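What follows is the residue order along each chain.
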Amino acid sequence: MSRAKEGDLEAQVATNTTDELGLLTQEFNSMISQVRGMSKEREAQQTILRERVREATLELERRNQQLRETNLELWRTTRRMNELGRLAAAGQTAAHFAHEVGTPLNLISGHVQLLKSDLQRDPRDAETRIKTISAQIERIERIVRRMLDKTRLKQSFPLWI
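Residues numbered from 1 in each chain as written. Predicted model: local features only at pLDDT ≥ 70, side-chain atom pairs only at ≥ 80, totals over all residues. Heavy atoms only, no water.

(A) Looking closely at the overall build of the protein. What the protein contains, in helices and strands, is three helices and zero strands. Computed over its C-alpha atoms, the radius of gyration of the protein comes to 47 Å, more than 25% above the 15 Å expected for a compact globule of 161 residues. Projecting the C-alpha coordinates of the protein onto the three principal axes gives extents of approximately 150 × 30 × 15 Å. In the protein, which comprises 161 residues, the proportion classed as buried is 14%. Counted over contacts in the protein with a minimum sequence separation of 6, partners at least 24 positions apart contribute 50%. Carbon and sulfur atoms make up 58% of the accessible area of the protein, which amounts to about 13,600 Å² in all. (Helix = DSSP H or I, 4+ residues; strand = E, 2+ residues; numbered from the N terminus. Rg over C-alpha atoms; globule rule 2.2 N^0.38 Å. Buried < 20%, exposed > 50% of the residue type's maximum accessible area, 1.4 Å probe, protein only. Contact = heavy atoms within 4.5 Å. Areas by Shrake-Rupley, 256 points an atom, 1.4 Å probe, with all protein chains shown as cover.)

Here it is in structure tokens:
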């Protein structure tokens, strides 16, 4: 009994008699045998559970790695889409600006060429052309101011938001 108490489940008591002590000895041996069997079964179940936990942990680590890779790819794709969106907006703005400014510049260029030839022929016609050139320059200035105003950050809200 002392050996069993200390954890030795292989301990057996020799049965020498068939009296009450012999019966008690047989029951003790039967009980210790059952405890030994249950302990082996528990150890086998623990081994199976440890293996299952190990496999599940490996699967979780694999899936976590896939998730990290997918999140990184999503972040990169989102970042690239934002960059492309900004480039598209900048391209549209540049095209709009080129169209808005190009027309008055073409008019100015044409009037300057005509002005050169008119200065020699009729000075009054040159004055009309100078007024047209001046008006187109003012138009370009307004377009540039509007474009700059659209790109400036509005101060109607706090900067820390």
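(B) Here's a closer look at the side chain of Thr25. With respect to the helices and strands, the residue Thr25 is situated in helix 2 (residues 20-121). Look at Thr25 and you get buried, because its relative accessible area is 14%. Contacts of Thr25, omitting those with residues within four sequence positions, involve Val13, Ala14 and Thr15.

(C) Region of the structure containing the pattern of salt bridges. One pass over the full model with this rule turns up eight salt bridges. Across the pair Glu10 and Arg36 runs a salt bridge, and its minimum N-O distance is 4.0 Å. Separated by 26 residues along the polypeptide, Glu10 in the loop between helix 1 (2-5) and helix 2 and Arg36 in helix 2 bring together distant segments of the chain. Looking at Glu10, the relative accessible area reads 49%, which means it is partly exposed. Relative accessible area serves as the criterion here: at 15%, Arg36 is assigned to the buried category. A salt bridge links Arg80 to Glu83; the shortest N-O distance between them is 3.3 Å. Highlighted residues: Arg80 and Glu83, both in helix 2, separated by three residues, approximately one helical turn. Through salt bridges with shared partners, one network takes in Glu59, Arg62 and Arg63. (Salt bridge = Lys/Arg side-chain N within 4 Å of Asp/Glu carboxyl O.)

(D) Focus on the side chain of Asn29. Along the chain, Asn29 turns up in helix 2. Setting aside residues up to four positions removed in sequence, Asn29 forms contacts with Gln12, Val13 and Thr15.

(E) Summary view of the nonpolar core. Judged by nonpolar contacts, Val101, Ile108, Leu115, Ala126, Ile133, Ile140, Ile143 and Met147 together constitute the single largest core of eight residues. Of all the secondary structure elements, the ones that give two or more residues to this core are helix 2 and helix 3 (123-151). When residues of this core are assigned to their parent elements, the largest contribution, five residues, is made by helix 3. Ignoring sequence-local partners within four residues, the contact set of Ile133 consists of Ile108, His111, Val112 and Leu115. (Core = buried A, V, L, I, M, F, W, Y, C linked by side-chain atoms within 4.5 Å.)

(F) Looking closely at helix 2. In this model helix 2 runs 147 Å from its N-terminal to its C-terminal C-alpha over 102 residues, within 8% of the 152 Å that 1.5 Å per residue would give. The residue sitting at the N-terminus of helix 2 and contributing the capping side-chain oxygen is Asp19; that oxygen lies 3.3 Å from the backbone nitrogen of Leu21. (Expected span 1.5 Å × (residues − 1). Polar contact = N/O pair within 3.5 Å; in protein donor to acceptor, adjacent residues only side chain to side chain.)

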